[in-house]
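# Per-entry structural report
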There are 2 protein chains.
Amino acid sequence: MAYVTIRDVAQRSGTSVSTVSRALNNRGRISRETKALVEKTAHELGYIPDSRAQAMRSTRTRLVGLLVPDIRNPYFADLAYAIQDTLFDAGYCTSIGTSSEDSVKQDAYIMNMLSQHIDGAIIVPRGGKSKALKALVDISVPMVFVDRHVNDMPEVPVVDSDPSEGLLKALTDLHSRGFRKVGYISGPILDSPTLQEREYAFRSAGRALFGEDNLFVESTSFGHVSCLSVIRKMRGSGVNAFIFGYSQDAVQAISALGYQGLAIGKDISLISFDDLEMFRLMTPNISVISQQVHVIGSLGAQLFLDIVERGRKAGSQRVETVYIPRGSVGEAR
Amino acid sequence: MAYVTIRDVAQRSGTSVSTVSRALNNRGRISRETKALVEKTAHELGYIPDSRAQAMRSTRTRLVGLLVPDIRNPYFADLAYAIQDTLFDAGYCTSIGTSSEDSVKQDAYIMNMLSQHIDGAIIVPRGGKSKALKALVDISVPMVFVDRHVNDMPEVPVVDSDPSEGLLKALTDLHSRGFRKVGYISGPILDSPTLQEREYAFRSAGRALFGEDNLFVESTSFGHVSCLSVIRKMRGSGVNAFIFGYSQDAVQAISALGYQGLAIGKDISLISFDDLEMFRLMTPNISVISQQVHVIGSLGAQLFLDIVERGRKAGSQRVETVYIPRGSVGEAR
DNA sequence: CTGAAAGCGCTTACAG
DNA sequence: CTGAAAGCGCTTACAG
C-alpha cells in the first residue's frame with residue numbers, strides 16, 4: 001500500500017505542492033512548461049489524487065448514495081443500472097446499498113453514507129419517516145425518492161410510475177380484439193401502494209370500456225390464494241383475457257397454463273406489468289405494460305443533478321407506463 | 001449542509017477535541033462521567049463522525065470496491081448481494097460498480113475506487129491484465145477475483161465454480177431414470193471460458209455414463225442457430241433429455257415447448273444450469289445445476305477479509321455445483 | 001484522566 | 001507565474 005502523494009510529485013518535479021495542485025486542476029495562472037512537467041511527472045509516478053483529502057477541502061465528494069430494497073429484484077437492478085449510468089456520465093460515483101426491505105438496515109446504510117459525506121442520496125424508501133431519513137433532511141442533503149414515496153415527507157421530490165396510460169392502452173387493445181370480459185390479478189397488494197394504485201387504475205379504465213360487471217379482480221395477497229385457482233375460477237365465468245399487476249404471478253401462470261395444454265395467445269390472452277427480459281424470450285412473446293424503468297432511473301438522476309449542480313429544487317414527476325403489444329394477446333372467439 | 005463536528009461536541013460538553021475522540025472510540029483512559037457526558041452531547045447534537053477524516057489518519061477506509069460486469073444479470077445481482085451482505089456484517093461498506101463488460105469503464109471505475117483509497121477490491125474481471133488492474137497490484141491493494149480469472153495474474157486468488165460435480169449428479173439421475181441419450185445445449189460458448197468448461201465437463205462425465213455416441217452437443221454461439229431447431233434435430237435422433245449450459249436458452253426452450261404442446265417432465269425432460277428464481281416458479285419446477293452463487297459470493301468476501309484483516313494470502317478456491325432434481329425430469333419411456 | 005499539538009493529503013487565498 | 005501557510009475533521013503520541 002504505497003500511494004504516491006502530491007508532495008512526491010512536487011519533489012520529483014522540483015516544484016511546490018501548490019503548483020502541482022494548480023497544474024493538475026487547471027486553476028489559477030500557470031506556465032505552459034511547468035504544467036507539462038508536472039503532468040508528466042505525475043503520470044510517471046502513477047499519482048492518483050486522494051479524493052477524500054480533496055473532498056475535505058472542497059465539501060464536495062462527487063459520491064452519491066443509492067439505496068434500493070433488493071438488488072436481486074430485476075426491476076431494481078434495472079433502475080440502479082440506469083441511475084448509475086446517468087450519474088457516472090455526470091462525473092459522480094454511485095454507491096449502491098441494499099435495505100433488504102428492512103428499516104433498520106436502511107437506516108444503518110444511510111448513516112454510513114452520511115459519514116462519507118455523500119453529495120446526495122437517491123432512495124427507494126421503505127416504511128415511514130425514519131430517523132436516518134430525518135437526519136438527511138436535517139443536514140439538508142440533496143435527495144430524491146424513486147419508485148415510492150414517504151407519506152410525511154412532501155419536501156422530497158419523487159419520481160414514480162403512473163400505471164393509467166399503459167393500462168388504458170392495454171384494455172383498449174383487448175376490447176378492440178373482441179374481448180368483453182377482463183380478469184385482473186393484482187398480486188400481493190396488501191403492503192404495496194404501487195400494486196394498489198395499479199388495481200385502482202385498472203378499475204377506472206376498465207369500467208369505462210367494459211362496464212363494472214365485466215371486470216373480475218382478485219389479489220393474491222394471501223398465501224392460500226393461488227394465482228392458478230383464481231384464473232380457473234375466472235375462466236369459469238367466461239373470462240379469457242387477463243392482466244397481471246405483478247409479474248411474478250404472470251411467470252407462474254404462463255408455465256402452468258402451457259403445462260395444462262392451453263395455448264397462450266390463442267386459448268387465452270394475457271398481459272403483464274413489467275417488461276422483463278424473460279417475457280421477450282418466451283414463446284409467444286408476452287405483451288407487457290412497461291414502467292419504462294430506464295426512464296424513471298435517468299429522470300431520477302437528472303432531478304438529483306438539478307438539485308446538486310443547479311440548486312434547483314425540482315418537483316415530483318410521474319413517468320407514463322407504455323403498453324407493448326406482443327404475441328400473447330390474440331383474438332377473442 | 002451543516003455537519004456537526006467533533007469540535008462542536010467538545011465545546012458543547014466543555015471538554016477538548018481529543019477527549020471527545022477518546023470517549024467515542026473507547027481508546028485510552030477516560031473517566032466514566034466524561035465518557036457519558038460526551039456520548040450524551042454527541043447524540044443530542046446528532047454528531048456523525050466524518051469517515052473521510054478518520055480514514056485519512058488511520059489509512060483504513062472500511063470501503064471495498066465491488067466490480068461486476070452487469071448488475072442487471074440475475075447471477076451477478078445474487079453474487080453482489082451475497083458479497084455485500086457478508087462484508088456489511090464485517091463492518092465494511094461495499095461500493096458496487098458496473099463495468100458493462102467494457103474494459104475502459106472497468107478501468108475508470110477502478111481508478112475512481114483507488115482515489116477513494118478503498119481497503120480492497122473484489123472483481124469479476126473482464127479481458128486481460130489492464131492498466132488499472134495492474135495499478136491495483138502495484139499499490140498492493142488486497143484483491144480477489146470472483147467467477148472469472150485473468151490469465152497473467154496468478155497472484156490474485158480466484159473463487160469460481162466447478163461444473164463437474166453437479167453435471168455428474170444430473171447425468172446419473174437421467175441415466176437411472178432410463179435415458180440412454182442426452183442432449184447438451186451449450187449456449188454462446190465462443191467468448192466464455194465458463195461455458196466452455198461446462199461443455200467440456202459434460203463431455204467427460206457423459207462419456208463414462210452414456211458412451212461417446214449417445215452424447216449430442218451443440219452450441220448456440222451463432223445467431224442463426226436457434227436453440228429450438230437444435231432441440232428438434234436432436235429429438236429426431238431419439239434424444240428426450242436435455243441439459244442447458246446457459247439458462248437463457250432454457251427459458252426460451254421451456255415456453256416454446258409448452259406452446260408446441262409438449263409436456264415438460266413427461267414428453268421431454270430437461271435440466272438447466274443456474275438456480276434462477278423463475279425456475280422455481282414454473283410448472284413443473286425446473287431441475288437445475290446450481291452454482292451456489294451465494295456460497296461463491298460469501299466465500300469470495302471471506303477470502304478478502306482473510307487478506308485484509310489477517311494478512312493471510314489465501315489460495316484460490318472452487319465451489320462445487322449442486323444438482324437439484326425437480327419436476328422437469330421424468331422417466332424415460 | 002485530560003488537553004495542546006502535530007499531521008494525514010489536499011486546496012485556496014495571500015504574498016511575492 | 002510560483003511558493004509558504006492555513007485549515008478541512010479527525011487521531012494519536014506527548015506532556016502535564
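Residues numbered from 1 in each chain as written. Chains lettered and ligands numbered in written order. Predicted model: local features only at pLDDT ≥ 70, side-chain atom pairs only at ≥ 80, totals over all residues. Heavy atoms only, no water.

Looking at an unreviewed UniProt entry, one finds chain A named HTH lacI-type domain-containing protein, with Scardovia wiggsiae F0424 as its source organism.

The next thing to look at is the protein's contact with DNA strand C. Close contacts around DNA strand C come from 25 residues, with Ile6(A), Ser21(A), Thr19(B), Thr34(B) and Arg57(B) the closest. Counting only atoms of DNA strand C within 4 Å of the protein, the sugar-phosphate share comes to 55%. A distance of 2.4 Å separates a phosphate oxygen of DNA strand C from a polar backbone atom of Ile6(A). Measuring from a base nitrogen of DNA strand C, one finds a side-chain N or O atom of Arg22(B) at 2.8 Å. Every element with two or more residues in the surface near DNA strand C is listed here: helix H2 (17–25) and helix H4 (51–58) of chain A together with helix H2 (17–25) and helix H4 (51–58) of chain B. Here the surface near DNA strand C is built from residues that sort into eight nonpolar, 11 polar and six charged. (Near = heavy atom within 4 Å. Polar contact = N/O pair within 3.5 Å; in protein donor to acceptor, adjacent residues only side chain to side chain. Helix = DSSP H or I, 4+ residues; strand = E, 2+ residues; numbered from the N terminus. Nonpolar A, V, L, I, M, F, W, Y, C, P; charged D, E, K, R; others polar.)

All names here are of chain B. In space, the six strands of this open sheet follow the order S2-S1-S3-S4-S5-S11, with parallel pairing throughout. Of all strands in the sheet, those bounded by a partner on one side alone are strand S2 (93–98) and strand S11 (317–320). Across the sheet, the mean angle separating the axes of adjacent strands is 20° when strand polarity is ignored. Helix-sheet contacts for helix H13 (residues 293–310) involve strand S1 (63–68), strand S3 (120–123), strand S4 (143–146), strand S5 (158–162) and S11, and the interaxial angle to S4 is about 165°. (Pairing = 2+ DSSP bridges. Axes fitted to C-alpha atoms, helices over the stretch in contact; angles between N-to-C directions. Contact = heavy atoms within 4.5 Å.)

Here we take up the pairing of S4(B). Neither face of S4(B) is open: one carries Met143(B) and Phe145(B), the other Val144(B) and Val146(B), and all of them are buried. Read as a crossover between parallel neighbours, the route from S3(B) over helix H7 (residues 131–138) of chain B to S4(B) is right-handed. (Buried < 20%, exposed > 50% of the residue type's maximum accessible area, 1.4 Å probe, protein only. Right-handed = clockwise from strand over helix to strand, strands pointing away.)

For the rest of this paragraph, the subject is the protein's contact with DNA strand D. With respect to spatial proximity, 25 residues lie near DNA strand D, and among them Thr19(A), Thr34(A), Arg57(A), Ile6(B) and Ser21(B) are the closest. When atoms of DNA strand D within 4 Å of the protein are split into backbone and base, the sugar-phosphate part holds 55%. A distance of 3.1 Å is found between a phosphate oxygen of DNA strand D and a side-chain nitrogen or oxygen belonging to Arg27(B). In the model, a phosphate oxygen of DNA strand D is placed 2.7 Å from a nitrogen or oxygen of the Tyr47(B) side chain. Taken together, the elements giving at least two residues each to the surface near DNA strand D come down to H2 and H4 of chain A together with H2 and H4 of chain B. Looking at the surface near DNA strand D residue by residue, the classes come out as eight nonpolar, 11 polar and six charged.

This next bit is on the interface of chain B and chain A. Each side of the interface is counted separately: chain B has 63 residues, and chain A has 63 residues. Both faces combined, the contact of chain B with chain A buries some 5,800 Å², and carbon together with sulfur accounts for 60% of it. At the junction of chain B with chain A, the criterion picks out two salt bridges. Here Asp85(A) ties to Lys105(B) by a salt bridge, and the two come within 2.9 Å at their closest N and O atoms. Along the contact surface separating chain B from chain A lie 14 residue pairs in polar contact (both at pLDDT 80 or more). Broken down by element, the residue count for the side of chain B that touches chain A peaks at eight residues, all from helix H6 (residues 103–115) of chain B. A per-class count over the side of chain B that touches chain A returns 33 nonpolar, 19 polar and 11 charged. (Buried area = accessible area lost by both parts, 1.4 Å probe. Salt bridge = Lys/Arg side-chain N within 4 Å of Asp/Glu carboxyl O.)

Moving on, we come to the packing of helix H8 (residues 164–176) of chain B against helix H9 (residues 193–210) of chain B. Relative orientation and spacing of two packed helices are given, respectively, by the angle between their axes and the distance between those axes. Residue and element names in this part refer to chain B. Running from N to C, H8 and H9 point in directions that differ by 40°, and their axes come no closer than 9 Å. Handedness of the crossing formed by H8 with H9: right-handed. Here H8 contributes Ser-164, Leu-167, Leu-168, Leu-171, Thr-172, Leu-174 and His-175 to the contact with H9, which in turn contributes Arg-198, Ala-201, Phe-202, Ala-205, Gly-206, Leu-209 and Phe-210. Partitioning the contact of H8 with H9 into residue classes produces nine nonpolar, four polar and one charged. (Left-handed = near helix turned anticlockwise from the far one by under 90°.)

Residue and element names in this part refer to chain A. Counted according to the given criterion, the structure contains six aromatic pairs over all chains. With 4.5 Å between their ring centres and 20° between their planes, Tyr-184 and Phe-202 make a pair best called stacked. Placement of the pair is Tyr-184 in strand S6 (residues 182–185) and Phe-202 in helix H9 (residues 193–210), with a sequence separation of 18 residues. For Tyr-184, a relative accessible area of 0% puts it in the buried group. Over the aromatic face of Tyr-92 sits the side chain of Arg-62, whose NZ or CZ is 4.4 Å from the ring centroid. (Phe/Tyr/Trp six-rings, centres within 6.5 Å; stacked < 30°, edge-to-face > 60°. Lys NZ or Arg CZ within 6 Å of the ring centre and 35° of its normal.)

Residues and elements named next belong to chain B. In this structure the tally under the stated criterion is eight cavities of 30 Å³ or more. The volume enclosed by the largest cavity comes to roughly 210 Å³. With five residues, helix H11 (residues 247–259) is the single largest residue contributor to the lining of the largest cavity. Taken together, the residues of the lining of the largest cavity sort by class into 16 nonpolar, six polar and no charged. (1 Å grid on protein atoms, 1.4 Å probe; cavity = no way out; pocket = protein on both sides within 12 Å on 5 of 7 lines; lining within 4 Å. Points joined across faces, edges and corners; volume = space filled by probe spheres on them.)

This part is about unusual backbone geometry. The omega torsion of the bond from Thr283(A) to Pro284(A) falls at -10°, within 30 degrees of zero and hence cis. Mapping Pro284(A) onto the fold places it in the loop between helix H12 (277–281) and strand S10 (287–290). Of note in the backbone geometry, Asp147(A) takes a positive phi value of approximately 75° without being a glycine. Mapped onto the elements of the fold, Asp147(A) is located in the loop between strand S4 (143–146) and strand S5 (158–162). The buried category is assigned to Asp147(A), whose relative accessible area is 10%. Positive phi values are uncommon outside glycine, yet Asn26(B) reaches one of about 55°. For Asn26(B), the location among the structural elements is in the loop between H2 and helix H3 (32–45).

All names here are of chain B. Packing of helix H5 (residues 74–89) against H13 brings their axes to within 8 Å, and their N-to-C directions diverge by 40°. In terms of orientation, H5 lies oblique with respect to H13. You can see that H5 and H13 cross each other, and the crossing is right-handed. Touching Tyr-75, Asp-78, Leu-79, Ala-82, Ile-83, Thr-86 and Leu-87 of H5 are Val-293, His-294, Ile-296, Gly-297, Ser-298, Ala-301, Gln-302, Phe-304 and Leu-305, all from H13. (Parallel < 35°, antiparallel > 145°, perpendicular 65-115°, else oblique.)

Here Ser103(B) lies in helix H6. Counting along the chain gives 26 residues from Ser103(B) to Lys129(B), while the straight-line C-alpha distance between them is 9.9 Å.

With that settled, the discussion passes to the domain arrangement of chain A. Its domain assignment divides chain A into domain 1 (6–49), domain 2 (63–156) and domain 3 (162–292). For domain 2 of chain A and domain 3 of chain A, the distance between their C-alpha centres works out to 31 Å. (Domains from an automatic or database assignment.)

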